[in-house]
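One-letter residues, chain by chain:
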Amino acid sequence: MSEFLLGLLGERLVNSEKAEVDVQSLGAKLSLVGLFFGCSLNAPCKQFNGSLCEFYNRFKKSSEHKDKLEIVFVSSDQDQKHWQDFVQEMPWPALPFKDRHKKMKLWNKYKVTSIPSLVFVDAATGKVVCRNGLLVVRDDPKGLEFPWGPKPFAEVVAGPLLRNNRQTTDSSSLEGHYVGVYFSAHWCPPCRSLTRVLVESYRTIKESGQKFEIVFVSADRSEESFQQYFSEMPWLAVPYSDEARRSRLNRLFGIQGIPTLIVLDSEGHMITRQGRVEVLNDPECRLFPWHPRPVLELNESNAVQLHEGPCLVLFVDAEEEGELEPARELIQPIAEKLMAKYKAKDEETPLLFFVAGEDDMSDSLRDYTNLPEAAPLLTILDMSARAKYVRDVEEITPAVVEQFVSDFLAEKLKPEPI
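Note that the structure is predicted; figures quoted are calculated from it, not measured. (Residues numbered from 1 in each chain as written. Predicted model: local features only at pLDDT ≥ 70, side-chain atom pairs only at ≥ 80, totals over all residues. Heavy atoms only, no water.)

Student: How would you summarise the sheet that holds strand 16 (residues 352-356) if you had to cite specific residues and measurements?
Tutor: Ordered by their spatial adjacency, six strands build an open sheet running 14-16-15-17-18-19, and the pairing between neighbours is mixed. Sheet topology places strand 14 (295-297) and strand 19 (416-417) at the edges, where each strand pairs with a single neighbour. By the bridge criterion, five bridges tie strand 17 (residues 377-382) to strand 18 (residues 387-391) in an arrangement that is antiparallel. Opposite T379, over in strand 18, you have V390 as the bridge partner. Sheet strands in contact with helix 11 (residues 325-344) are strand 14, strand 15 (311-315) and strand 16, and its direction is about 175° off that of strand 16. (Pairing = 2+ DSSP bridges. Helix = DSSP H or I, 4+ residues; strand = E, 2+ residues; numbered from the N terminus. Contact = heavy atoms within 4.5 Å. Axes fitted to C-alpha atoms, helices over the stretch in contact; angles between N-to-C directions.)

Student: Explain the pairing of strand 12 (residues 260-264) residue by residue, including any values.
Tutor: When a strand is regular, its side chains alternate between the sheet's two faces. Of all five residues in strand 12, five are buried; the element is thus mostly enclosed. Side-chain alternation along strand 12 places T260, I262 and L264 on one buried face and L261 and V263 on a second face that is also buried. Bridge count for strand 9 (residues 178-184) against strand 12 is five bridges, and the pairing is antiparallel. By the bridge assignment for strand 12, V179 is matched with L264. Pairing of strand 12 with strand 13 (residues 270-272) involves two bridges; the strand directions are antiparallel. By the bridge assignment, V263 is partnered in strand 13 with T272. Between the end of strand 12 and the start of strand 13, which pair antiparallel, lie five residues, with G268 showing a positive phi angle near 85°. (Buried < 20%, exposed > 50% of the residue type's maximum accessible area, 1.4 Å probe, protein only.)

Structural measurements only, silent on function.
Next comes the structure, spelled out in structure tokens:
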């Protein structure tokens, strides 16, 4: 049994009969763990639980890999009775109800933003194997594709792609291009708003001579809606009728909501999942292809990232954009060092970094999190855990920031409620 898995889940889980389950007893052959994030009061979670039970029981009964997989329920329930009733329906173990701290660590580590969510992780390393397990359960009900690891983008997207003049081109035409994989739908108002901006960005990038293409992966509810929406787009699309390929692309990138714009380099490797934010923040596309920046200036378009995991936010007394630069320069080396450390381990950085001045967005964030009006003010905000960590000192130096980050990652800081 992996020591990492013990650190990830703890020594004890509980089962449907209220008995403790020793994590060591999950078996030496275990190679994949499905973390099922959900809540008993959420109707889609209840519905998915039924499908997952059928999938799990079938897999455990007939798959040659039956000893290599286990599911663990990670609940967001606030009521123990509701949680217990839900767990009784499950043939797999769950994290104990009272272990709220470990649950929140898992939600943050795997950046879960919606439920139900099923994330398959390597039992030896904890690395994500497949982020969108809901589609695995739907598309591979017999578990024949176990362990559902990622395939190259070129393999998953392979096949004919449409143009809005009804002509087709083969996906091999994407070779050597930066590619934006655009998950969107006509029924979604934020999608339509982003599409209007993205059309201009697409033309700007193409006119600059960059090799760039976008592939639209529709979440529309009918062929007619798809055709109407696609008629507004100057790029390529996966045919609406090819539901299997659309689903595989959703699974490959672990799509949890729309609109989402994934940007890939010319070899099909991901540059950023935050294409939506980048397009809105960089209308002239000067920073294309939008490699992740160590430190962001907080604004309305990137504030959504505050909900994707713990974020360090340095509030400063600055009303003009240029006045934020000294604050950025102060924390940038620390952010770069952390990014490099986790990139070397092929893991996502556990902390995002922001600088915030004096504007409506910063005021709203201070009000929402009940922060003091002091500036400079060094904070770490964990929205999903509804927790904040505040370092209110007269002078914020690189050493102060580095120690603050180090103490947070080592879990030495005491959270205050948001």
